[in-house]
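Secondary and tertiary structure notes
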Amino acid sequence: MRKVLLLLTVIAALSCSTSKTNPDAPKTAEWALALHGGAGDMNRADFSDEDIARYEQELINARTIGENILANGGSSLDAVEQVVRYLEDCPLFNAGKGAVFTSAGKNELDAAIMSGSNLSAGAIAGVSDIKNPISTARLVMEKSAHVMMIGKGASEFAKSMGAEMVDSSYFFTDKSWQSLQRALQKAEKMGTVGCVALDKSGNLAAATSTGGMTNKRYGRVGDVPIIGAGTYANNATCAVSATGHGEYFIRYTVAHDISALMEYKGLSLQDAADVVVNNKLVKAHGAGGVVAVDKNGNVYLTMNTTGMFRAYATSNGDKGVGIFTE
Ligand code: ASP
């Protein structure tokens, strides 16, 4: 198992490497997809082989949903929404069912989605009764005049749009509850989820969903629903979904900074993401990572932590799944 993971990580590193951006560079893939299930400092020794197999299987299941949509000519927006919905429904991750608890023992969820074709975006924050926050974020983007709605207003909007509402007890999992108990003594559950995609029409999209950080104060909003911090897509450059210590990702406008380095400095996706995640954030002690895809179908997944649940696939048949950096 360890060997397989190592091999996959190496394959991911090799097949994701890019050169300097050439604006006229040909597409390397017709479509591409990358997703994450959260980053953090995790040790292989803390996971059983069964845990690892289960996480990998869920990442592969989510990836398969996106691959099928993109391979059949579907849109990157549908792909990222459906991948994130699947991960929201999976209790292993910190989004939707399984979301972490605030210090007050509640779940307050954030999500955002963005379309690179026209820079339209939708986000919700601090909601406790919407089963799939990512789909309501998409409704905000497509059916309202706004970009972000929060709390009760977001819930009212979701109801009026026919979104599936749940009692807040739906989000409870023993794992997240135990994580709060540990967080009160300093360790915490990772598992924000996100997905980026390029479709056959050349449109990029990004989506991210989270319960936030374990033991956060009530009312705290992280980077995930802040467009340009945890989530960003622009057909001129790339799509980015982030995971990590949100306060740093907000201050360093991580997702937009990667896009801006590509747009204004001509950096490749890999170089831009490395500058932000593995240099600027490291210096600032901002832990986390990103998954990203550029307009030519290059994918890059990187983190400055010891682990990030992640997977990717492209139309060329490149595929990988991994957890640790090793
Ligand atoms: N970025 C998320 C937040 O700060 C947490 C995470 O990705 O683990 O809300």
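Our subject is the structure listed above.
Residues numbered from 1 in each chain as written. Predicted model: local features only at pLDDT ≥ 70, side-chain atom pairs only at ≥ 80, totals over all residues. Heavy atoms only, no water.

1. As for the nonpolar core
Judged by nonpolar contacts, the single largest core of 49 residues is most densely connected at Leu35, Phe93, Ile113 and Phe309. No other element matches helix H3 (residues 76-89), which puts six residues into this core. Residues within four places of Phe309 in sequence aside, it is in contact with Leu35, His36, Gly37, Gly38, Met42, Phe47, Tyr55, Leu59, Phe93, Gly322 and Ile323. Residues Ala121, Ala272, Ala273 and Tyr312 belong to the second largest nonpolar core, which totals 40 residues. (Core = buried A, V, L, I, M, F, W, Y, C linked by side-chain atoms within 4.5 Å. Buried < 20%, exposed > 50% of the residue type's maximum accessible area, 1.4 Å probe, protein only. Helix = DSSP H or I, 4+ residues; strand = E, 2+ residues; numbered from the N terminus. Contact = heavy atoms within 4.5 Å.)

2. Overview of the pairing of strand E12 (residues 319-324)
Of all six residues in E12, five are buried, a share of seventy percent or more. The pairing of strand E11 (residues 307-314) with E12 spans five bridges and is classified as antiparallel. Bridged to Arg310 within E12 is Gly322. Between E11 and E12, which pair antiparallel in sequence order, lie four residues; one of them, Gly317, sits at a positive phi of approximately 95 degrees. (Pairing = 2+ DSSP bridges.)

3. Description of the packing of aromatic side chains
Counted according to the given criterion, the structure contains 10 aromatic pairs. Taking the centre distance of 5.7 Å and the plane angle of 70 degrees together, the rings of Tyr55 and Phe93 count as edge-to-face. Placement of the pair is Tyr55 in helix H2 (residues 49-71) and Phe93 in the loop between H3 and strand E2 (109-115), with a sequence separation of 38 residues. Per residue, the accessibility class of Tyr55 equals that of Phe93, and both read buried. An aromatic cluster is built from Phe47, Tyr55, Phe93, Phe309 and Phe324, whose rings are joined through pairwise contacts. Above the plane of the ring of Tyr248 lies Arg251, whose end atom (NZ or CZ) is 5.1 Å from the centre. (Phe/Tyr/Trp six-rings, centres within 6.5 Å; stacked < 30°, edge-to-face > 60°. Lys NZ or Arg CZ within 6 Å of the ring centre and 35° of its normal.)

Nothing here speaks to function; it is all geometry.
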